[in-house]
Amino acid sequence: MKYAPQQFVRRSIVFAAVIPVGPSAEEHARLIDLLDSLSSFEPLVSRVFIVVDAEPGSIGSITERTRLAIEQIPNPRNGHGAPLGGGLCAGILAGLRRCAEVLPQADFVVKLD
């Protein structure tokens, strides 16, 4: 059986990460560590969606430190509701929705925290 060269060409995996981030300083420190790890161990991640439950632009200086493709998304709960229940779920769903809109060819999406 003969094989065409195209059968052995692997395409790159397209994947994204969704990261919910709260307004506290501890959350910002966690985000710095997570982005450093992601850029070190998975530098080919297609896009990182950060769902921010704080003031717009509050994590701008953090995201400027990396070469990853990052998009900030406001949490639709706008600081209202239970932080770990509805607030977290709303943020994750908003991140997944945005990923589906701008990266429909993604092979998978991982939620990180």
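Since the model is a prediction, treat every value here as computed from it, not as a measurement.

K.L.:
Could you clarify how one ought to interpret helix 1 (residues 25–41) in this entry?
P.N.:
An α-helix turns once per 3.6 residues; consequently, residues spaced three or four apart project the same way. When the terminal C-alpha atoms of helix 1 are compared, their 24 Å separation across 17 residues agrees well with the 24 Å that a helix rising 1.5 Å per residue should span. Among the residues of helix 1, H28, L31, L34, L35 and L38 are the ones counted as buried. Each buried residue of helix 1 sits inside an arc of 125° when the element is viewed along its axis, so together they form one side. Opposite the packed face of helix 1, turned more than 90 degrees from it, sit the exposed residues A25, E26, D33, S40 and F41. Packed against the buried residues of helix 1 are strand 1 (15–21), strand 2 (47–52), helix 2 (60–63) and strand 3 (70–74).

K.L.:
Looking at this structure, how should I read the side chain of T66?
P.N.:
Here T66 lies in the loop between helix 2 and strand 3. Polar side-chain contacts of T66 include one of 3.2 Å to the backbone nitrogen of L68.

K.L.:
Whenever I open this one, the environment of P43 confuses me. Can you help?
P.N.:
On the secondary structure map, P43 appears in the loop between helix 1 and strand 2. Sequence spacing of P43 and R67 is 24 residues, and the spatial spacing of their C-alpha atoms is 8.6 Å. Discounting chain neighbours no more than four positions away, the residues touching P43 are L38 and L68.

K.L.:
What is the right way to look at a nonpolar patch on the surface in this model?
P.N.:
On the surface, L93, L96 and V109 cluster together into a nonpolar patch covering about 250 Å² of accessible area. Of note, V109 is situated in strand 4 (residues 108–111).

K.L.:
Help me out: how do you make sense of the sheet that holds strand 4 in this one?
P.N.:
Read from one edge of the open sheet, four strands run 3-2-1-4, paired in parallel fashion. Sheet topology places strand 3 and strand 4 at the edges, where each strand pairs with a single neighbour. Across the sheet, the mean angle from the axis of one strand to that of its neighbour is 20°, orientation sign disregarded. Inspection of the sheet shows strand 1 paired to strand 4 by four bridges, in the parallel sense. Residue pairing across strands places A17 opposite V110, the latter belonging to strand 4.

K.L.:
Where do I start with the pairing of strand 1 in this structure?
P.N.:
If a strand is regular, its side chains alternate between the two faces of the sheet. Among the seven residues in strand 1, seven count as buried, and that is most of the element. With burial as the criterion, each face of strand 1 is covered, one bearing F15, A17, I19 and V21 and the other bearing A16, V18 and P20. Once you follow strand 1 into helix 1 and on to strand 2, the crossover reads as right-handed.

Analysis parameters
- Residues numbered from 1 in each chain as written.
- Predicted model: local features only at pLDDT ≥ 70, side-chain atom pairs only at ≥ 80, totals over all residues.
- Heavy atoms only, no water.
- Helix = DSSP H or I, 4+ residues; strand = E, 2+ residues; numbered from the N terminus.
- Expected span 1.5 Å × (residues − 1).
- Buried < 20%, exposed > 50% of the residue type's maximum accessible area, 1.4 Å probe, protein only.
- Arc of directions from axis to C-beta.
- Contact = heavy atoms within 4.5 Å.
- Polar contact = N/O pair within 3.5 Å; in protein donor to acceptor, adjacent residues only side chain to side chain.
- Patch = residues over 30% accessible without salt bridge, like charges linked within 9 Å, V, L, I, M, F, W, Y side chains within 5 Å.
- Areas by Shrake-Rupley, 256 points an atom, 1.4 Å probe, with all protein chains shown as cover.
- Salt bridge = Lys/Arg side-chain N within 4 Å of Asp/Glu carboxyl O.
- Pairing = 2+ DSSP bridges.
- Axes fitted to C-alpha atoms, helices over the stretch in contact; angles between N-to-C directions.
- Right-handed = clockwise from strand over helix to strand, strands pointing away.

Functional significance is not addressed by these values, which are geometric in nature.
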